[in-house]
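Okay, here's what each chain looks like letter by letter:
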Amino acid sequence: MIEESTDLAVEPLLDARGVIKRYQGVTALDGASLQVAPAEIHALLGGNGAGKSTLINVLSGITTPDAGTITLAGRRVDIRRPSDAHAAGITTIHQELSLVPALTTLDNVFLGRETSARFLGLKLKLDRRRMAEHVAELAEEFGITQEDLALPVGEFGALKKRVVEIVKALAFDPRLLILDEPTSGLEDEEKQHLFGHMRRLRDRGVSLIWVTHHLEELFGLADTATVFRDGRTVDTLPVADTTVDRLVDLMFGGAAEEFSGTTNPHVHEASSDGTEILRLENVNRANVLRDISLEVKAGEIVGISGLAGAGRTELARVIMGLDKLSSGQISVRGNRTRISDASHAYKKGLAMVPEDRKQLGILADLSVAENISISNLSSVSRFGFVINRKEEAERGDTFRRRLSIRTPDVKMRIGNLSGGNQQKAVVARCLNTEPALVIFDEPTQGIDVSAKVEVHNLIREFVASGGAAIVIASEVGELVELSHRVLVMRQGRIVGRVDGVSHALAQGQGEQLKQRILSLSARSEQS
Amino acid sequence: MSTQGTTTKVLSTVGVPIAIVLVVLVVVFQILSPVFLEPSSVRDYITNAIPILLITVGVAIVITAGGIDLSVGTVAGLSAGISLWALSAGASTVVGILAGLATGVLFGLINGLLITKLAINDFIVTLATLNIAAGLLVVLTESVSLQGISVPGFSSLVYGRILGIPTSFWIAVIIFAAMQFVLVRTMLGRRIFAVGVAPEAARNAGVDVPGIRLSTFVISGLLAGAAGVLLASRLGTVQAFLGVGYEFTAIAGAVLGGVSLAGGRGSVWAAVVGGLLLATVQQGLRLNGVDPVYFSIVTGLCIIAGVVFDRGVQRIVFNRMLGRPSGGPPRDVQKTDDVMAGASAGSRADS
């Protein structure tokens with residue numbers, strides 16, 4: 001069916017409407033739409049989990065939507081697999097480079113689409129000469145020389161790899177090029193070069209969808225911006241007519257309403273005389289953490305805010321001994337410690353509820369009780385090595401009742417529980433180690449609203465009984481409600497410290513607080 | 001719990017489907033050839049199968065932790081050689097046994113350290129030590145004669161009888177029971193499962209993942225050493241290339257029993273049943289006068305048929321738990337949150 005739409009001044013190149021995608025009860029896209037004009041740079045913005053990546057996956061054929069239509073240059077397209085996207089003229093450059101380091105630039109460009117020299121109808125060998133002729137001019141334009149074409153891509157720096165990806169994408173004349181966080185891993189000067197390339201692409205008539213977290217990069221480059229929030233399109237507006245503040249507002253504006261009422265922030269101040277549990281001094285880890293200093297006292301919740309890639313999880317991993325630090329000091333309860341691995345961290349009284357519960361948190365094939373006991377098996381064992389399974393089940397059951405983990409039996413496989421109940425079991429696992437400090441990394445990700453409230457209350461109860469907590473969360477509203485203090489991270493650094501959160505909340509200044517945190521995490525130092 | 005729930009639970013236990021196949025096969029072979037279940041016949045084929053069963057259990061434990069050990073066969077062969085060498089040099093039975101076991105443990109330790117400390121892929125490391133152990137045995141058999149060595153105490157490991165049953169049978173049963181105990185009742189066993197299910201999650205939960213992986217290779221080495229000692233006791237002679245190829249029979253037996261190569265699902269007795277099934281098929285063919293040149297082909301077909309059968313049973317069981325008509329794909333099971341109320345964590349056979 002070809003439907004011509006004539007009512008628009010300029011017919012959009014891409015018109016995606018009503019796109020819905022659900023994953024196991026989580027709605028990633030809730031009727032999102034996106035219109036991209038021919039030959040424009042179109043920024044796609046939104047907080048973590050807004051649905052940008054899902055839409056890109058839909059457009060590039062990695063996932064199939066549950067509903068929605070995609071029209072390309074007036075023609076309905078049905079994208080079921082990556083090759084369909086290619087055939088339609090949509091090419092995506094993903095955040096993680098998809099080049100094969102050992103292959104030459106030329107072979108990478110033609111990977112899977114090689115031209116072969118034929119003999120008696122059989123493809124015998126790659127016809128590198130023909131392939132080189134095909135891309136020579138294009139490569140030249142982007143500063144890739146003949147010699148570069150013959151070099152393995154692994155020898156190039158981040159920018160040049162990006163450029164090879166662009167050449168690879170352009171070699172087959174896409175009409176729409178999707179760039180997912182193309183500046184990640186690039187130095188400032190390299191970014192400027194990349195932006196030059198993007199302008200050149202637009203001048204050639206290619207439309208670009210540009211996904212970025214760095215709002216200040218848009219100005220002077222992007223023509224239009226579309227903002228996603230919670231899987232829906234909030235607004236599409238010309239970049240020239242807007243500001244960073246306006247965009248931040250669009251990206252996160254709804255967070256406030258969504259949160260009020262979901263939890264009951266019985267405002268409580270951190271006990272000011274709490275003893276210090278954890279102290280970090282000038283902690284560095286090559287390229288991911290820079291000069292981090294912080295301390296956490298008993299009885300307080302310290303929130304850590306920041307966009308994806310700011311280094312929040314990396315910080316948690318260094319504290320738990322999962323990653324090594326390159327310099328700096330960590331002290332637990334006043335004693336300088338070198339935490340060699342996570343088992344050591346647990347013995348020191350640290351515990352963690354990891355991000356990505358399904359992959360990194362639960363042990364899906366073990367039972368609920370076994371998941372709870374795993375970090376402190378001695379607590380249910382005799383003679384130091386034999387597990388008393390009766391005691392293990394009883395202990396599991398105690399936690400089941402205390403934390404309201406909804407399962408008919410703690411001997412049930414944890415993988416069959418709902419996300420919220422799985423998460424409560426992971427919290428129980430931490431509590432079973434009688435920790436002094438628990439790190440909660442995205443503790444409410446992918447769990448429903450009521451479970452969210454329960455997890456929040458568990459965290460509050462834990463600190464009220466003398467524990468200390470670090471909470472990492474992408475939703476600023478959640479952080480503000482939960483934390484006594486918030487640290488804002490950007491590019492591996494702590495760029496802001498917001499104290500007296502509960503005090504500000506009590507005075508009804510939650511909204512201003514959120515704006516402050518958001519602008520700290522999204523903006524570069526200059527602006 | 002309803003009857004259906006109980007049936008479902010039993011069938012979903014690792015090793016049960018293949019145990020049913022084993023019983024059916026034994027009945028069929030007995031009908032085809034009435035000597036099949038004669039005591040002397042059973043005694044022979046079980047005694048012959050025991051070294052491989054020990055290796056199978058060792059490999060099953062490594063696989064349960066998500067690893068693989070290819071070196072077990074030739075390490076067993078080398079252990080047999082070292083054991084006989086010690087005896088031929090005048091060592092006592094005890095020292096002979098310890099020499100064989102130590103060889104296995106040493107190789108397990110080397111495998112484990114290379115894999116965990118140098119972060120080399122376990123497939124590659126154990127492929128290398130497979131060759132090294134095989135080569136060492138060749139060198140050993142070239143240098144000293146390991147023919148017809150008979151030390152009465154040592155031979156009695158296999159040829160001795162306790163209550164009319166060969167000593168090696170009792171030894172194997174004790175080892176299997178001990179290993180099953182380790183796997184399902186101890187902290188080490190629990191951590192082995194945790195590492196096999198999700199190594200990253202286990203690490204986040206404070207499990208010393210490299211340490212656990214190392215222990216599984218040491219256990220596997222120890223069992224290969226024990227297999228070597230029993231081989232040496234039975235044969236009294238060790239030739240170059242003893243044990244070559246055993247590793248594949250062992251891996252096949254473990255997988256046939258229902259031990260998942262993906263890790264996190266395994267049981268000692270399931271591995272033993274899987275290994276016994278392969279041995280039983282060979283014995284049945286032999287007694288029915290099938291030319292041994294076909295054994296390898298039949299074994300291969302058995303492995304495929306057994307795994308397909310096991311998976312078919314699992315599929316039916318899962319669908320039944322979900323209240324779906326059978327035949328649908330079982331892969332959605334992981335995602336289903338609100339059903340399977342009657343199913344407990346069924347990844348292990350409880351002893």
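Predicted model only: the values in this text are computed from it and were never measured.

## Regarding the overall build of chain B
Along its length, chain B carries 14 helices and two strands. Across the 351 residues of chain B, 51% fall into the buried class. Within chain B, counting contacts between residues at least 6 apart in sequence, those at least 24 apart form 76% of the total.

## Considering the interface of chain A and chain B
Listed as interface residues are 35 residues of chain A and, on the opposing side, 30 residues of chain B. Listed by contribution, the elements that provide at least two residues to the side of chain A that touches chain B are α11 (342–347), α12 (357–361) and β20 (386–387) of chain A. The class makeup of the residues in the side of chain A that touches chain B is 18 nonpolar, ten polar and seven charged.

## Topic: the sheet that holds strand β10 (residues 207–211) of chain A
For sheets, the rule is that strands pair by backbone hydrogen bonds, running either parallel or antiparallel. All names here are of chain A. Read across the sheet, six strands follow the order β6-β9-β10-β3-β11-β12 without closing on themselves; strand pairing throughout is mixed. Strands at the two margins of the open sheet, each flanked by one partner only, are β6 (90–93) and β12 (232–238). Averaged over neighbouring strand pairs, the angle between their axes works out to 20° when direction is ignored.

## A word on the domain arrangement of chain A
Residues and elements named next belong to chain A. By domain assignment, chain A separates into domain 1 (1–89 + 174–253), domain 2 (104–172), domain 3 (258–349 + 436–522) and domain 4 (363–434). One C-alpha centre belongs to domain 1, the other to domain 3; they are set 33 Å apart. On the side of domain 3, nine residues touch domain 1, which itself brings nine residues to the contact.

## Describing the confidence of the model for chain A
Per-chain confidence: chain A averages 83 in pLDDT, with 89% of residues scoring 70 or above. In this model, residues 1–8 of chain A is a region of pLDDT below 50 whose contacts with residues beyond four sequence positions or in other chains number six contacts.

## Focus on the pairing of strand β4 (residues 67–72) of chain A
All names here are of chain A. Judged from the five bridges that link them, strand β1 (residues 14–23) and β4 form a sheet pairing that is antiparallel. Note on β4: the bridge partner recorded for Ile20 is Ala67. Looking at chain direction, β4 and strand β5 (residues 75–77) are connected through three bridges and run antiparallel. When the bridges of β5 are listed, Thr71 appears paired with Arg76. Connecting the antiparallel pair β4 and β5 is a turn made up of two residues, with Ala73 showing a positive phi of about 50°.

## Thoughts on the sheet that holds strand β23 (residues 485–490) of chain A
All names here are of chain A. Within the open sheet, the six strands sit side by side as β18-β21-β22-β15-β23-β24. Their pairing is mixed. Bordering the open sheet on either side are β18 (350–353) and β24 (493–498), each of which pairs with just one other strand. The sheet shows a mean angle of 20° between the axes of neighbouring strands, taken without regard to direction. Inspection of the sheet shows strand β15 (residues 301–305) paired to β23 by four bridges, in the parallel sense. The residue of β23 that forms the bridge with Ile304 is Leu487.

## Looking at the environment of B:Val57
All names here are of chain B. Within the element layout of this structure, Val57 appears in helix α3 (residues 39–64). Sequence separation of Val57 and Leu223 is 166 residues, and the distance between their C-alpha atoms is 7.7 Å. Residues within four places of Val57 in sequence aside, it is in contact with Phe176, Met179, Leu223, Val268, Ala271 and Val272.

## Details of the packing of helix α8 (residues 167–185) of chain B against helix α13 (residues 268–287) of chain B
Helix-helix packing is described using two parameters, namely the angle between the two axes and the distance between the axes. All names here are of chain B. Interaxial distance between α8 and α13 falls to 8 Å at its minimum, and their mutual angle equals 135°. One way to sum up the angle between α8 and α13 is to call them oblique. Of the residues in α13, those touching α8 at Phe176, Met179, Gln180 and Leu183 are Val268, Trp269 and Val272. Residue classes in the contact of α8 with α13 are distributed as six nonpolar, one polar and no charged.

## Overview of unusual backbone geometry
All names here are of chain A. The backbone of Asp230 shows a phi angle near 50°, a positive value even though the residue is not glycine. Position of Asp230 among the secondary structure elements: in the loop between β11 (224–229) and β12. Since 18 C-beta atoms lie within 10 Å of it, Asp230 is described here as partly exposed. Here the phi dihedral of Asp356 falls at roughly 50°; this positive angle occurs in a residue that is not glycine. Secondary-structure assignment places Asp356 in the loop between β18 and α12.

## Observations regarding the confidence of the model for chain B
For chain B, the average pLDDT comes to 84, and 87% of its residues sit at 70 or higher. Scored as a complex, the prediction yields pTM 0.73 and ipTM 0.82.

## What about the environment of B:Leu157?
Residue and element names in this part refer to chain B. Residue position: Leu157 is located in helix α7 (residues 152–159). The sequence separation of Leu157 and Ser168 amounts to eleven residues, and the corresponding C-alpha distance is 5.6 Å. Leu157 has contacts with Thr167, Ser168, Ile171, Val229, Leu230 and Ser233, leaving out every residue within four places of it along the chain.

What counts and what doesn't
- Residues numbered from 1 in each chain as written.
- Chains lettered and ligands numbered in written order.
- Predicted model: local features only at pLDDT ≥ 70, side-chain atom pairs only at ≥ 80, totals over all residues.
- Helix = DSSP H or I, 4+ residues; strand = E, 2+ residues; numbered from the N terminus.
- Buried ≥ 20, exposed ≤ 12 C-beta atoms within 10 Å, placed from the backbone.
- Contact = placed C-beta atoms within 7 Å.
- Nonpolar A, V, L, I, M, F, W, Y, C, P; charged D, E, K, R; others polar.
- Pairing = 2+ DSSP bridges.
- Axes fitted to C-alpha atoms, helices over the stretch in contact; angles between N-to-C directions.
- Domains from an automatic or database assignment.
- pLDDT = per-residue confidence, 0-100.
- Parallel < 35°, antiparallel > 145°, perpendicular 65-115°, else oblique.

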